[in-house]
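Structural features, examined
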Amino acid sequence: MAKMKRMLPTPTPETQHFWDGARDGELLLQRCDDCSDAYFPPRPFCPKCGSRKVSVFKASGKGFLLSYVINTRPQPISETPYAIAVVELEEGPRMMTNIVECEQTPEALPLDMKLEVTFEQQNDDITLPLFKPAGA
Amino acid sequence: MKQNSVAVVGAAETTDMGKVPGMSQIMLHADAALNALEDAGLKPSDIDGIATAGEWPTSIAHYLGITPTWVDGTLVGGCSFMMHVRHAAAAINEGLCETVLITHGESGRSRIGSSPYPMDTVSLAGQFEIPYGVMGPPSMFTIPVLRYLKEYDLTVEDLAMVSVIQREWAAKNPRSSFKDPLTVDDVLGSSMIAWPFTKLMCCLVTDGGGAIILTSAERAKDFPQKPVYVLGTGESVETPMISQMEDFCSSRAFKVSGAKAFEEAGISHDDVDHLMIYDAFAHLPLYGLEDLGFCKPGEAAAFIRERNTAPGGKLPMNTNGGGLSYMHSGMYGMYALQESIRQMRGTAAAQIEGAKISVSHGVGGMFGASGTVIFTNEA
Ligand SMILES: [Zn+2]
């Protein structure tokens, strides 16, 4: 089976800054200027208190493996089984991701393993943040 | 809502289920609706309220020849029908309509006249989940589970046991898709879908439908079937993104919906004789038992292993065989409601003798939404 292409995101006015940041190799989160809640996914207001006073900031890119599945059905991003994971970032928010530079097996993917962000360019506009074992 | 103010007076599933290549999606709605109307001794012209999901209410009203004064098209996935019951009860109590028809139909297996699956890259899920290779429930709904197993020191055998015990119930139901007994090894040895989930931990994909007719408890006494009263209801939503649910070991929507339903019904867990928890995948009864308050966090797996929910147990659960073994057309909530209604009428294939209160708990859009209906057969 030929390798299929990932479905790529279509940025909206509210998320464009995130994808611009990823293209530049930065993982951008947002923080509320009123209640200081750090949040994701992007939107121009705080989901905790509703304030429109929010700032974009660069995340450390560090986190840990919260949970995952290893998908074995024929799927868009790989011919072989691959993990679809959720990483919990140091700053608090969680995001879905794939784990790269790592075997895609339960043994190689213990929960709570430390992860760090890496970026994979898809085309001129879209670069996806992925995660790899910390120090890999 | 007011306890026991509204009752089910008609309920039926499609004439055939499983593989129904001779019917499109809208005809599955209509087939179930006509069966429910016959069950209630009504004609389409007697219906003045309509609720449905998966098809537009407009399409169903036109197809069946109904002129409604109340319409509900709430679509939040498989528990939409629990919410329809709740909304219908409020509407009937408010006098917006007298007799409500709720329909479901889905050509999940044959895919005849079914709604196309949208390829979304714009929504938040489209931008921040779809690119990572998720495609539908088997690779999404399952993501929180490894965290749940680790948190409570459980194993894949605990997941497999859910499928094994539900198959025991399915064996008692002539309409079940699968009836042969299963072992934990059978479940673990079936083909891998998305680690840690094997095929036998995932629901079926079938064709079918169901319909329910509700009216005021006062009018219900004049109908041919034994009335099944709506004692309490709940609903909530959390997030359309599995990665963003607050707690991977618990569903906020389950907790809010369940607590509301128990509060409205004014009952305790000991009062419950029969339970349906929508089991799209083997972990849902575990989350459901805990989030509804039947078990403490982390104790549902032992509760199931010790046969409390199995035939002969003190809390019979998913007595039709569930989405894992009975049928699952896509939005299974309707079939959970149908089994609760049959148990309250005393007509279920695996009837629980003397059952007076049944809880029917649904999930929708992964862990995105939840609806709960508590029925009783005592006015
Ligand atoms: Zn805030």
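Residues numbered from 1 in each chain as written. Chains lettered and ligands numbered in written order. Predicted model: local features only at pLDDT ≥ 70, side-chain atom pairs only at ≥ 80, totals over all residues. Heavy atoms only, no water.

Remarks on the nonpolar core
If you look at the biggest cluster of nonpolar residues, it comprises 139 residues, and the most contacted ones within it are Leu 214 and Leu 289 of chain B. Here this core takes eight residues from helix H3 (residues 80-94) of chain B, the largest share from any one element. (Core = buried A, V, L, I, M, F, W, Y, C linked by side-chain atoms within 4.5 Å. Buried < 20%, exposed > 50% of the residue type's maximum accessible area, 1.4 Å probe, protein only. Helix = DSSP H or I, 4+ residues; strand = E, 2+ residues; numbered from the N terminus.)

What about the interface of chain A and chain B?
Counting from both sides, the interface comprises 40 residues of chain A and, opposite them, 36 residues of chain B. Carbon and sulfur atoms supply 63% of the area buried between chain A and chain B, which totals about 3200 Å² over both sides. Taken together, chain A and chain B are joined by two salt bridges. Ionic pairing is found between Lys 150 of chain B and Asp 112 of chain A, a salt bridge with its closest N-O pair at 2.7 Å. Along the contact surface separating chain A from chain B lie 19 residue pairs in polar contact (both at pLDDT 80 or more). Looking at the side of chain A that touches chain B, the elements that each hand over two or more residues are helix H1 (16-23), strand S4 (62-71), strand S5 (82-89), strand S6 (94-97) and strand S8 (127-133) of chain A. Element by element, the count of residues in the side of chain A that touches chain B is highest for S4 of chain A, at eight residues. Of the residues in the side of chain A that touches chain B, the class split is 27 nonpolar, nine polar and four charged. Note that S4 of chain A and strand S5 (residues 192-195) of chain B share two bridges and pair antiparallel. Pairing of Asn 71 of chain A across the sheet is with Ala 194 of chain B, part of S5 of chain B. (Contact = heavy atoms within 4.5 Å. Buried area = accessible area lost by both parts, 1.4 Å probe. Salt bridge = Lys/Arg side-chain N within 4 Å of Asp/Glu carboxyl O. Polar contact = N/O pair within 3.5 Å; in protein donor to acceptor, adjacent residues only side chain to side chain. Nonpolar A, V, L, I, M, F, W, Y, C, P; charged D, E, K, R; others polar. Pairing = 2+ DSSP bridges.)

A word on the pairing of strand S11 (residues 369-376) of chain B
Residues and elements named next belong to chain B. Buried residues dominate S11, accounting for eight of its eight residues. Across the two faces of S11 the burial is the same, with Ala 369, Gly 371, Val 373 and Phe 375 and Ser 370, Thr 372, Ile 374 and Thr 376 all buried. Sheet topology note: the strand S8 (residues 228-237)/S11 ladder contains eight bridges and is antiparallel. Bridge pairing links Thr 233 to Val 373 in S11. Hairpin connection between strand S10 (residues 357-364) and S11: a loop of four residues separates the two successive antiparallel strands, and Gly 365 in this loop has a positive phi of roughly 55°.

Let's talk about the sheet that holds strand S1 (residues 6-13) of chain B
Residues and elements named next belong to chain B. The strand order across the open sheet formed by nine strands is S3-S2-S4-S7-S1-S8-S11-S10-S9, and the pairing between neighbours is mixed. Single-partner strands in this sheet number two, and they are strand S3 (70-72) and strand S9 (274-277). The sheet shows a mean angle of 20° between the axes of neighbouring strands, direction not considered. Across seven bridges, the pairing between S1 and strand S7 (residues 207-216) is antiparallel. Across the sheet, Gly 10 pairs through a bridge with Ile 213, a residue of S7. Along the sheet, helix H10 (residues 284-291) contacts S9 and S10; its crossing angle with S9, the most-contacted strand, is approximately 125°. Contacting S1, strand S4 (100-107), S7, S8, S9, S10 and S11, helix H13 (residues 333-345) crosses the sheet at an angle of about 55° to S7. (Axes fitted to C-alpha atoms, helices over the stretch in contact; angles between N-to-C directions.)

Here we look at the confidence of the model for chain B
Taken residue by residue, chain B gives an average pLDDT of 96. The fraction at 70 or more is 99%. The ipTM for the predicted assembly is 0.96, set against a pTM of 0.96. (pLDDT = per-residue confidence, 0-100.)

Things to note about the sheet that holds strand S1 (residues 28-32) of chain A
Residue and element names in this part refer to chain A. Taken in spatial order, the three strands line up as S2-S1-S3 in an open sheet, and their pairing is antiparallel. A strand with exactly one partner marks an edge of an open sheet, and here the two such strands are strand S2 (38-39) and strand S3 (54-58). Where S1 meets S2, two bridges bridge the pair, whose relative direction is antiparallel. Its bridge partner being in S2, Arg 31 is matched across the sheet by Ala 38.

Focus on the coordination of the zinc ion
Residues and elements named next belong to chain A. Around the zinc ion, the donor atoms from the protein are Cys 32 (SG), Cys 35 (SG), Cys 46 (SG) and Cys 49 (SG), and they sit 2.2 to 2.4 Å away. Bound by four donor atoms, the zinc ion shows angles of 103 to 122° at the metal and therefore tetrahedral coordination geometry. Donor residues binding the zinc ion come from one chain and are separated in sequence as C-x2-C-x10-C-x2-C. (Donors = N, O, S within 2.8 Å, 3.2 Å for Na, K, Ca; no water. Tetrahedral: all angles 85-135°; square planar, octahedral: opposite > 155°, others 65-115°.)

Digging into the pairing of S8 of chain A
Counted residue by residue, S8 of chain A has seven buried out of seven residues, so it is predominantly covered. Counting the residues that bridge the hairpin from strand S7 (residues 114-121) of chain A to S8 of chain A gives five residues.

Here we look at the side chain of Thr 372 of chain B
Residues and elements named next belong to chain B. Secondary-structure assignment places Thr 372 in strand S11. A polar contact is formed between the side chain of Thr 372 and the side chain of Ser 257, at a distance of 2.7 Å. Beyond its immediate sequence surroundings of up to four residues, Thr 372 is in contact with Met 82, Gly 232, Thr 233, Gly 234, Ser 257, Gly 258, Ala 261, Val 359, Ser 360 and His 361.

Some words on unusual backbone geometry
With an omega dihedral of -5°, the bond running from Phe 40 of chain A to Pro 41 of chain A counts as a cis peptide bond. Here Pro 41 of chain A shows up in the loop between S2 and S3. Following Trp 195 of chain B, the chain continues into Pro 196 of chain B via a peptide bond in cis, with omega recorded as 5°. Looking at the secondary structure, you find Pro 196 of chain B in the loop between S5 and strand S6 (197-198). The phi angle at Asp 153 of chain B is positive, at roughly 60°, despite the residue not being glycine. Position of Asp 153 of chain B among the secondary structure elements: in the loop between helix H5 (145-151) and helix H6 (156-170).

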